[in-house]
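For reference, the chains in residue letters:
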Amino acid sequence: MENLPRILETYIESKKFPGIEWIIKLDEKKYSGSIGYLNLENKEKLNSNCSYRIWSMTKPIISIVILQLIEEKKIKFEDPINLYLPSFNNLKVLKQNAKSIEDIKNVENNPTIKDLLLHTAGFSYNFLGDIIAEEYHNIGLFYSNKTTLEKEIDTLSNIPLLYEPGTRWVYSVSVDILARIIEVVKNTSLEFQLKKRIFDPLEMHNTGFSINVNNQKLMKSYHYNNVNKKLVKPDVNPRYISNYGYPINGKNFARGGIGLYSTANDYLLFAEMLQTGLSQKGEKIISIEMLKNATQNQISKSFLPYQIKNFDIKVLDENVFESYGWGYGFRVHLQNNNFNNKGEFGWGGAANTYFLVDPKYKLSAVLMTQVFQGDPNLHKDFYNYIYSQL
């Protein structure tokens, strides 16, 4: 893995990323490093174990807790969400070919826990290009730093679904609903459950919904301006995901789709657990049977290939999910390509954080940085280089 720093260095030299940190665990060997800066303003060097907003890499953690609750028979895959969240009792859905938010009808089937895990529940995301996404944006869904998860989900329950549950795949706020269900079922805060079930047993001591910046270095966030070819402040468009509330130390702040801070070291511990279901000390986090189900394709072939694109993008230059299916919270590689990588799984975050797991090679890898709309070739080069060394 000795050539990896040189490959990643090109992204720092071209000023596409301020700094990059990585950890790769292959069998029992660990390869790690960091290059570049914590922030560009004072050129503070990026060192290992810096903290990052991990954005959607929060989702797999929430998904694992939901799967734990299913194993404990506290909830079921088939349970409709209004069983736990009565505010969803009278859900509406857009009519086919609807032209406005008023063009709605009663939903035929309520979304289930399984639908939420699979992003087939009918919800959308503020940054997507549909009527419902626009409504989320107009009402400021999840933009606040201060609202509770309960309040945001109550607000969401009054907005129609984009489509009838189970009929499409659309990346969405569904994992935030799962997070609220965890709070309701256990009658505790989400943070308490994550700490008890994931962070403490895995010794992820630098992961949570807040960060003490006096003790922990936090990488600054940027947006890559593809026209001017430079890194700028991330407040470029109020409808981009970067506008979501993400406080440094928000009292009572919790989300399911975003919100966690973590380190490369901490997230590697989570990624490694996903190979066996066990902590480093052998404590069971989740059964291997459930893990195998979670990390294989669970969505209809008719939903493939899926894609995720911002409202302001008409056609993607490349669909990075072309060869992937979707499990219970993870992208799942469906083909063998050149690398014998069928079954590799993982996910990423909006600011270009990224992880992958391939149990057959005993491989886990985490890449951390903090750039919105960053060059997708960074992940591709990271991924291809790792597999070329196996």
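Residues numbered from 1 in each chain as written. Predicted model: local features only at pLDDT ≥ 70, side-chain atom pairs only at ≥ 80, totals over all residues. Heavy atoms only, no water.

Attention shifts here to the overall build of the protein chain. Each helix and strand in the protein chain was counted, giving 10 helices and 15 strands. By the compact-globule yardstick of 21 Å for 390 residues, the protein chain fits well, its C-alpha radius of gyration being 20 Å. Expressed as a percentage of its 390 residues, the buried residues of the protein chain come to 56%. Taking the contacts inside the protein chain whose residues are at least 6 apart along the sequence as the reference set, 68% of them involve residues at least 24 apart. (Helix = DSSP H or I, 4+ residues; strand = E, 2+ residues; numbered from the N terminus. Rg over C-alpha atoms; globule rule 2.2 N^0.38 Å. Buried < 20%, exposed > 50% of the residue type's maximum accessible area, 1.4 Å probe, protein only. Contact = heavy atoms within 4.5 Å.)

This paragraph deals with the packing of aromatic side chains. One pass over the full model with this rule turns up 26 aromatic pairs. On the basis of an interplanar angle of 65 degrees and a centroid distance of 5.4 Å, the ring pair of Tyr267 and Phe270 is categorised as edge-to-face. In this pair, Tyr267 and Phe270 both sit in helix H8 (residues 264-276), 3 residues apart, roughly one turn of the helix. The exposure classification of Tyr267 matches that of Phe270, with both residues buried. Taken together, the aromatic side chains of Tyr125, Phe127, Phe142, Tyr143, Trp169, Tyr171, Tyr244, Tyr306, Phe321, Trp326 and Trp347 make up a single cluster linked through ring pairs. Above the face of the Tyr37 ring, Lys43 is positioned so that its terminal group lies 5.4 Å from the ring centre. Above the face of the Phe311 ring, Arg239 is positioned so that its terminal group lies 4.5 Å from the ring centre. (Phe/Tyr/Trp six-rings, centres within 6.5 Å; stacked < 30°, edge-to-face > 60°. Lys NZ or Arg CZ within 6 Å of the ring centre and 35° of its normal.)

Moving on, we get to helix H5 (residues 149-156). Of all the residues in H5, the buried ones are Leu149, Glu152, Ile153 and Leu156. For H5, the angular spread of buried residues about the axis comes to 95 degrees, placing them on one side. Turning to H5, the residues buried within the fold contact helix H4 (131-139), helix H6 (174-186) and helix H7 (190-199). (Arc of directions from axis to C-beta.)

Let us look at the sheet that holds strand S7 (residues 222-225). Spatially, S8-S7-S15 is the arrangement adopted by the 3 strands of the open sheet, whose pairing is mixed. Each edge of the open sheet is held by one strand with a lone partner, namely strand S8 (230-232) and strand S15 (371-372). In terms of strand pairing, S7 meets S15 through 2 bridges, oriented parallel. Paired with Tyr222 across the strands is Val371, a residue of S15. (Pairing = 2+ DSSP bridges.)

Here we take up helix H10 (residues 377-388). An α-helix turns once every 3.6 residues. As a result, residues three or four positions apart point the same way. Taking 1.5 Å as the rise per residue, H10 with 12 residues should run 16 Å; its terminal C-alpha atoms sit 16 Å apart, in good agreement. Along H10, the residues classified as buried are Leu378, His379, Phe382, Tyr383, Tyr385, Ile386 and Tyr387. Contact partners of the buried residues in H10: helix H1 (4-13), strand S1 (19-26), strand S10 (324-326), strand S11 (331-333), strand S13 (354-358) and strand S14 (363-368). (Expected span 1.5 Å × (residues − 1).)

We now examine the sheet that holds S13. An order of S3-S2-S1-S14-S13-S12-S11-S10 is seen for the 8 strands of this open sheet, with the pairing classed as antiparallel. At either end of the open sheet lies a strand with only one pairing partner, and these are strand S3 (44-45) and S10. Where S13 meets S14, 5 bridges bridge the pair, whose relative direction is antiparallel. Across the sheet, Val357 pairs through a bridge with Ser364, a residue of S14. In the packing of H8 onto the sheet, contacts are made with S1, strand S2 (29-39), strand S12 (345-348), S13 and S14, and the angle to S14 comes to roughly 150 degrees. (Axes fitted to C-alpha atoms, helices over the stretch in contact; angles between N-to-C directions.)

Going through the model one piece at a time under the given rule, you end up with 17 salt bridges. Its salt-bridge partner being Glu183, residue Arg180 comes within 2.9 Å of it at the nearest N-O pair. Here Arg180 pairs with Glu183, and both are found in helix H6, just 3 residues apart, close to one helical turn. With relative accessibility at 15%, the residue Arg180 sits in the buried group. A single network of salt bridges, built from pairs that share partners, joins Glu72, Lys74 and Arg197. (Salt bridge = Lys/Arg side-chain N within 4 Å of Asp/Glu carboxyl O.)

Within the secondary structure, Ser174 is located in helix H6. For Ser174 and Leu118, which are 56 residues apart along the polypeptide, the C-alpha to C-alpha distance reads 8.7 Å. When neighbours within four sequence positions are excluded, Ser174 is seen to be in contact with Leu116 and His119.

Before going further, it helps to examine unusual backbone geometry. Here the amide bond leading from Leu304 into Pro305 is cis, since omega sits at -10 degrees, within 30 degrees of zero. With respect to the helices, strands and loops of the structure, Pro305 is situated in the loop between helix H9 (288-294) and S10. The backbone of Asp27 sits at a positive phi, close to 55 degrees, despite the residue not being glycine. Along the chain, Asp27 turns up in the loop between S1 and S2. Phi at Lys73 takes a positive value of approximately 60 degrees, unusual for a residue other than glycine. Relative to the helices and strands, Lys73 resides in the loop between helix H2 (59-71) and strand S5 (92-94).

Taking burial as the measure, the 5 residues of S13 include 5 buried ones, the bulk of the element. Of the two faces of S13, the one carrying Tyr354, Leu356 and Asp358 and the one carrying Phe355 and Val357 are both buried. Here 4 bridges tie S12 to S13, and the two strands are oriented antiparallel to one another. Residue pairing across strands places Gly346 opposite Leu356, the latter belonging to S13. Two successive antiparallel strands, S12 and S13, enclose a turn made up of 5 residues, where Asn352 displays a positive phi of approximately 75 degrees.

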